[in-house]
Amino acid sequence: MSQLDEVVGEIADEMRRHTDRGDVASYIPELARVDPGAFGLAVVDAEGNVAAAGDADVPFSIQSISKVFTLTLALGKAGDRLWRRVGREPSGSPFNSIVQLEREKGIPRNPFINAGAIAVTDVILSGHQPREALGEILRFMQALADDPAIAIDRAVAASEQRTGFRNAALANYMKSFGVLENPVEFTLGVYFHHCAIAMSCRQLATAGRFLAHLGRNPTTGMSIVSPERARRINAIMLTCGHYDGSGEFAYRVGLPGKSGVGGGILAIAPGKASIAVWSPGLDAAGNSHLGRIALEALTKRMGWSVFGT
Ligand code: GLN
């Protein structure tokens, strides 16, 4: 057993014993029903070895973690022109905040808050039907995770669509400034559906490998993005990946990471590993409570923080 296998097993055992697990997202019944006791961890190292523990093979709603992959696709399509439609500064605000949009003329702070991700989705959608854009996003996830079985949870997407008044407000507000090109309901439809992709920790950690290895999958050799682009996506994950909890995540974990309200976190240890953790209970900023604690333990024991041990 490798040191990594041992550490991953230890952390899963420790997390099982935690009583303070945060609160499961309750804004739609599909997420509220998830077992708060679930915990999964999967780490894929540079050689492609997977260390996994707990519920690492149980699919969960990736929610905002999808924003890392839509950003990657939109940069592929628009290149640096993307930055005319969205910024790249931390927001210091909750994920669904609307206040900055007025002061900043409808340009969202960064691609990982909801407004920014909706603008990014709009870029992917332009020139396509919603069905085609969504198919492109889903196929990208399947190819990266090397698993054609990855699917969208339609019930989650439909609930989001029924109750997503705040996201609709953000989208309409941006539309009024001309930041969105497509009909608001089309852009939102694609956004809600890509947030509703269901994946396991193992699939997600596999999908993130290109970010840990200069833009390519080190096993297949396939280049997904340039090394420079991988570095920049990691930079945005580090500074903006946890909303107004991004500073705390950098302080405690010290890795680029992206959280989702389903309780997942994708974290990247550059040159070393791609990591996915899942524990559905959230902290006050909407990030996985135990997920962060588990990643803090992992980086400490493996010496993986980008800031040194
Ligand atoms: N689909 C969720 C929303 O738009 C995603 C938010 C999140 O994961 N933080 O509200």
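Residues numbered from 1 in each chain as written. Predicted model: local features only at pLDDT ≥ 70, side-chain atom pairs only at ≥ 80, totals over all residues. Heavy atoms only, no water.

Draft legend 1. Seen up close, the site of the ligand. The ligand sits among Tyr 27, Gln 63, Ser 64, Phe 95, Asn 114, Glu 160, Asn 167, Tyr 191, Cys 195, Tyr 243, Gly 260 and Val 261. Within the side chain of Ser 64, an N or O atom sits 2.6 Å from an oxygen atom of the ligand. Between the ligand and Val 261, the relevant distance is 2.8 Å, taken from an oxygen atom to a main-chain nitrogen or oxygen of the residue. Within the complex, 96% of the 300 Å² of free accessible area of the ligand lies under protein. Among the residues making up the shell around the ligand, the classes are represented as six nonpolar, five polar and one charged. (Near = heavy atom within 4 Å. Polar contact = N/O pair within 3.5 Å; in protein donor to acceptor, adjacent residues only side chain to side chain. Areas by Shrake-Rupley, 256 points an atom, 1.4 Å probe, with all protein chains shown as cover. Nonpolar A, V, L, I, M, F, W, Y, C, P; charged D, E, K, R; others polar.)

Draft legend 2. Representation of empty space enclosed by the protein within the structure. Evaluation of the coordinates by the stated rule reveals one cavity of 30 Å³ or more. Space inside the largest cavity adds up to approximately 50 Å³. As for the largest cavity, its lining consists of Ser 97, Gln 100, Leu 101, Pro 108, Arg 109, Ile 113 and Ala 115. Its residues assigned to classes, the lining of the largest cavity comprises four nonpolar, two polar and one charged. (1 Å grid on protein atoms, 1.4 Å probe; cavity = no way out; pocket = protein on both sides within 12 Å on 5 of 7 lines; lining within 4 Å. Points joined across faces, edges and corners; volume = space filled by probe spheres on them.)

Draft legend 3. Main features of helix α12 (residues 227–240). Helix length check: α12, at 14 residues, gives a terminal C-alpha distance of 20 Å against a target of 20 Å (1.5 Å per residue), a fit within 8%. Along α12, the residues classified as buried are Ala 230, Ile 233, Asn 234, Ile 236, Met 237 and Cys 240. Along α12, the residues classed as buried sweep out an arc of 160° about the axis, all on the same side. (Helix = DSSP H or I, 4+ residues; strand = E, 2+ residues; numbered from the N terminus. Expected span 1.5 Å × (residues − 1). Buried < 20%, exposed > 50% of the residue type's maximum accessible area, 1.4 Å probe, protein only. Arc of directions from axis to C-beta.)

Draft legend 4. Examining the state of the cysteines more closely. According to the stated counting rule, one finds zero disulfides in the structure shown. In this model Cys 195 remains outside any disulfide bridge; the closest cysteine sulfur is found in Cys 240, 17 Å from its own. Judged by relative accessible area, Cys 240 falls into the buried class, the value being 2%. (Disulfide = S-S within 2.5 Å.)

Draft legend 5. How the structure looks around the pattern of salt bridges. Within this structure, the stated rule accounts for 11 salt bridges. Glu 248 is paired through a salt bridge with Arg 252; the nearest N and O atoms lie 2.6 Å apart. Residue Glu 248 and its partner Arg 252 are located together in helix α13 (residues 246–252), separated by four residues, close to a single helical turn. Glu 248 gets classed as partly exposed once you look at its relative accessible area, which sits at 38%. A single network of salt bridges, built from pairs that share partners, joins Glu 248, Arg 252, Arg 292 and Glu 296. (Salt bridge = Lys/Arg side-chain N within 4 Å of Asp/Glu carboxyl O.)

Draft legend 6. View of the side chain of Ser 246. Position of Ser 246 among the secondary structure elements: in helix α13. You can call Ser 246 buried: its relative accessible area is 5%. The residues touching Ser 246, leaving out its near neighbours within four places in the chain, are Leu 238, Thr 239, Cys 240 and Gly 241. (Contact = heavy atoms within 4.5 Å.)

Such coordinate-based values are descriptive only and should not be taken to indicate function.
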